[in-house]
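Listed here are the chains, written in short residue letters.
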Amino acid sequence: MDSTSASDIVIIHGNSHPDLANLVAERMGVKSGGCSVFHKTNRETMVEIGDSVRGKDIYIIQTGTKDANNNIMELLIMAYACKTSSARSIVGVIPYLPYSKQCKMRKRGCIVSKLLAKMMCTSGLTHIITMDLHQKEIQGFFDIPVDNLRASPFLLQYIQESIPDYRNSVIVARNPNSAKKATSYAERLRLGIGVIHGEHKEAESDQVDGRYSPPPNSRARTISVSVGVPEHPQKVKPPLNLVGDVNGRIAIMVDDLIDDVQSFVAAADVLKENGACKIYVLATHGLLSSDAPRLIEESAIDEVVVTNTIPHEVQKLQCHKIKTIDISILIAEAIRRIHNKESMSYLFRNVTLED
């Protein structure tokens, strides 16, 4: 980036992922702005911006981690501080958007990602850059532009360059909900696909919501049966099983997020029982909560590959199977294009709806 355009850009960050923020700033040739984010003794978040941001384009790099609530408050306060300091534009760079899995109505709950979007817009953010949202429809919750970047080119490159004999692989969806993503990878790599179905299906899809609540008995003339509206039958899931052939082949599971790894471990056991010679797990976001490193270390999984959208250095020390792909170059290029008012189409080339 040339010095003229770089003079109007300021990159600041909170406490969620300073390493990623510094990598992005270094790639862009700009200095990370002087912003101090700390917590008082009563756990209130304090933000102090040392440099002037008046009339400048601010890029706040703040991802979601296991401390999601503090991450969000830090972002909102930083954005509001820039807004009240007369910044020209405030772009939130949020590689992993917290609460993105809570994007559907469940029983008497609420759509939390919609609430979060409203809070971000109110705080002063004028643009959002994120990566591999859990559901791409989340972009519709925001009243500001959202660029949903893709990590799939990096993961595809890793498969082609770092997995020996990847042509003898099968792309596996660990549940039917991941089948579209697995199909997209399989088509790009010219490989076959497998789907695991059964009792370890996504827990959120099995929760009871209002659609299953029985209506009151009705005596309307349109009801011809005496029992009223029939009850919705309860789902009974079959035992975990594999659709597809992995015997003597490399199994590659793909997903957008690895958090609780128990379902991945159970899927790996099924793949091993069906004759898979090696098992890889690839995902964009590696949250790896609780005892995930220990479970991965003791499992049949040979390697877990995630990007650095979320910091996981501690988990890597606990498990040698975890590998990291650096995606800072993609974020830096997105910031450069937005700042120079260039098209973002190049970053989304060859991306289909199934990604």
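Structure first, text after, so check above.
Each value, and the rule that gives it
- Residues numbered from 1 in each chain as written.
- Predicted model: local features only at pLDDT ≥ 70, side-chain atom pairs only at ≥ 80, totals over all residues.
- Heavy atoms only, no water.
- Core = buried A, V, L, I, M, F, W, Y, C linked by side-chain atoms within 4.5 Å.
- Buried < 20%, exposed > 50% of the residue type's maximum accessible area, 1.4 Å probe, protein only.
- Helix = DSSP H or I, 4+ residues; strand = E, 2+ residues; numbered from the N terminus.
- Contact = heavy atoms within 4.5 Å.
- Arc of directions from axis to C-beta.
- Expected span 1.5 Å × (residues − 1).
- Salt bridge = Lys/Arg side-chain N within 4 Å of Asp/Glu carboxyl O.
- Axes fitted to C-alpha atoms, helices over the stretch in contact; angles between N-to-C directions.
- Parallel < 35°, antiparallel > 145°, perpendicular 65-115°, else oblique.
- Left-handed = near helix turned anticlockwise from the far one by under 90°.
- Nonpolar A, V, L, I, M, F, W, Y, C, P; charged D, E, K, R; others polar.
- Pairing = 2+ DSSP bridges.

Colleague: Quick rundown of the nonpolar core? Include the residues and the values.
Modeller: What tends to happen in soluble globular proteins is that the nonpolar side chains get buried as a cluster. In terms of nonpolar packing, the biggest core is built from 47 residues, with Val 24, Ile 171, Ile 252 and Ile 335 touching the most fellow members. Ranked by residue count, the leading element in this core is helix α10 (residues 328–339), at six residues. Once residues within four sequence positions are removed from consideration, Ile 335 is found in contact with Ile 9, Val 24, Met 28, Tyr 59, Val 93 and Ile 129.

Colleague: An account of helix α2 (residues 18–28) is needed here, citing residue identities and associated values.
Modeller: Listed in full, the buried residues belonging to α2 are Leu 20, Ala 21, Val 24, Ala 25 and Met 28. All buried residues of α2 fall inside an arc of 135 degrees around its axis, so they share one side. When the buried face of α2 is taken as reference, the exposed residues oriented beyond 90 degrees from it are Asp 19 and Glu 26. Looking at the buried side of α2, the elements it contacts are β1 (9–13), β4 (57–61) and α10. Phi turns positive one or two residues past the end of α2, at Gly 29, with a value near 75 degrees.

Colleague: Give a description of helix α7 (residues 262–273) that names residues and reports values.
Modeller: Here α7 spans 17 Å end to end across twelve residues, near enough to the 16 Å set by a 1.5 Å rise per residue. Within α7, burial applies to Ser 263, Phe 264, Val 265, Ala 266, Ala 267, Ala 268, Val 270 and Leu 271. Of the surrounding secondary structure, the elements contacted by the buried residues of α7 are β8 (169–173), β9 (192–197), β10 (241–243), β11 (250–258), β12 (278–286) and α8 (292–298). Of the residues trailing α7, Gly 275 is marked for its positive phi of about 95 degrees.

Colleague: Which residues make up the pattern of salt bridges, and what values do they have?
Modeller: Following the criterion strictly, the structure yields 13 salt bridges and no others. In this structure, Asp 326 and Arg 27 form a salt bridge, with 3.2 Å as the shortest nitrogen-oxygen distance. A residue pair is termed long-range when its members are at least 10 positions apart, and Asp 326 in the loop between β14 (322–325) and α10 and Arg 27 in helix α2 qualify at 299 residues. For Asp 326, a relative accessible area of 28% puts it in the partly exposed group. For Arg 27, a relative accessible area of 45% gives the class partly exposed. Across the salt bridge formed by Glu 333 and Arg 337, the nearest N and O atoms sit 2.7 Å from each other. Remark: Arg 337 and Glu 333 occur in helix α10; sequence separation between them is four residues, near one turn of the helix. Judged by relative accessible area, which is 13%, Arg 337 ranks as buried. Overlapping salt bridges bring together Glu 333, Arg 336, Arg 337 and Glu 342 as one network.

Colleague: Quick one: what's the story with the packing of helix α5 (residues 152–162) against helix α6 (residues 179–189), residue by residue and with numbers?
Modeller: One way to put it is that α5 packs onto α6 with a least axis distance of 11 Å and a crossing angle of 50 degrees. In terms of orientation, α5 and α6 fall into the oblique class. Seen along the crossing, α5 lies across α6 with a hand that is right-handed. Contacts from Ser 152, Leu 155, Leu 156, Ile 159 and Gln 160 in α5 reach Tyr 185, Arg 188 and Leu 189 in α6. By residue class, the composition of the contact of α5 with α6 is five nonpolar, two polar and one charged.

Colleague: An account of the sheet that holds β1 is needed here, citing residue identities and associated values.
Modeller: Spatially, β1-β4-β5-β6-β7 is the arrangement adopted by the five strands of the open sheet, whose pairing is parallel. Both outer strands of the open sheet, β1 and β7 (146–149), are each paired with one neighbouring strand and no more. For this sheet, the mean inter-axis angle between neighbouring strands, taken without regard to orientation, is 20 degrees. Bridging between β4 and strand β5 (residues 89–94) involves five bridges; their strand directions are parallel. From the neighbouring strand, Ile 61 faces β5, where its bridge partner is Val 93. Its contacts with the sheet place α2 against β1 and β4, and it is angled at close to 165 degrees to β1.

Such coordinate-based values are descriptive only and should not be taken to indicate function.
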